[in-house]
Amino acid sequence: MQTVDRSFVLADDEGDAFWFANALVVIKADTEMTDGRFALLDQFVPGGYSVPRHIHHTDDEAWYLLEGDVTFYCGEKTFSAGKGAWVFLPMGVPHTFKAGPDGARLLTLSAPSGFVDFVKECGEPATARVIPPQTPPDMDRMARLAAKHQIELLGPPPA
């Protein structure tokens, strides 16, 4: 096997930015950059933010919290996490999360890198590096694109 030098560095304000599911997501490492091994996303979410309960059928997912408080739901377990916490949720288990009232900044890691391809296809390039206006997502489109990327949407986020 021949090793290819894919080394790189991105500053805090670098990386392609997307508005995805009412969050600002800055891609720090994607499929192409890591040869599909993992993806790293810098995610900014508003207070009370949550996503539909879902299952990743091909990717493990993990978060390192840079700011804020977030409650994670995985299967029957609930985890409360604050700044500096590391959370790992394995593929194949239903999960979601909900940000505290002040919002959060999370580094999101998926391995392999499939989740970032969903973000790119389902999101839209951010016109500014701010959390986007909060609008109801097109759930039919999101579910269709999620399925294409081996993600199954199961239902609404936690109340």
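Shown above is the structure to which this text applies.
To keep things clear, this report deals only with the structure shown in the data block. (Residues numbered from 1 in each chain as written. Predicted model: local features only at pLDDT ≥ 70, side-chain atom pairs only at ≥ 80, totals over all residues. Heavy atoms only, no water.)

Moving on: empty space enclosed by the protein. One pass over the full model with this rule turns up one cavity of 30 Å³ or more. Considering only enclosed or pocket space, the largest cavity measures out at about 190 Å³ in volume. The wall of the largest cavity is formed by 19 residues, among which F20, V51, H54, F115 and F118 lie closest to the centre. Among the elements that take part in the lining of the largest cavity, helix α2 (residues 114-122) stands out by supplying three residues, more than any other. Taken together, the residues of the lining of the largest cavity sort by class into 14 nonpolar, four polar and one charged. (1 Å grid on protein atoms, 1.4 Å probe; cavity = no way out; pocket = protein on both sides within 12 Å on 5 of 7 lines; lining within 4 Å. Points joined across faces, edges and corners; volume = space filled by probe spheres on them. Helix = DSSP H or I, 4+ residues; strand = E, 2+ residues; numbered from the N terminus. Nonpolar A, V, L, I, M, F, W, Y, C, P; charged D, E, K, R; others polar.)

Buried within helix α3 (residues 139-148) are the following residues: M142, L145 and A146. For α3, the buried positions fall inside an angular range of 105 degrees around the axis, keeping them on one side. In α3, the exposed positions that point more than 90 degrees away from the buried face belong to D140, R144 and K148. Between a side-chain oxygen at the N-terminus of α3 and the backbone nitrogen of D140 the separation is 3.3 Å; the capping residue is D138. Backbone geometry just after α3 places Q150 at a positive phi near 65 degrees. (Buried < 20%, exposed > 50% of the residue type's maximum accessible area, 1.4 Å probe, protein only. Arc of directions from axis to C-beta. Polar contact = N/O pair within 3.5 Å; in protein donor to acceptor, adjacent residues only side chain to side chain.)

One finds W63, F72, L106 and F118 to be the most contacted residues of the largest nonpolar core, which totals 32 residues. Those residues in contact with F118 that sit more than four places away from it in its chain are F20, G123, M142, L145, A146, H149 and I151. (Core = buried A, V, L, I, M, F, W, Y, C linked by side-chain atoms within 4.5 Å. Contact = heavy atoms within 4.5 Å.)

When its volume is computed, the largest pocket comes out at roughly 310 Å³. What lines the largest pocket is a set of 15 residues, among which W19, A21, N22, E124 and T135 lie closest to the centre. Where the lining of the largest pocket is concerned, the elements lending two or more residues are β1 (16-20) and α3. Taken together, the residues of the lining of the largest pocket sort by class into nine nonpolar, three polar and three charged. Counted as a void, the second largest pocket has a volume near 260 Å³.

Okay, unusual backbone geometry next. With omega at -5 degrees, the peptide bond leading from A111 into P112 counts as cis. In this structure, N22 takes a positive phi of about 70 degrees despite not being glycine. Within the secondary structure, N22 sits in the loop between β1 and β2 (23-29).

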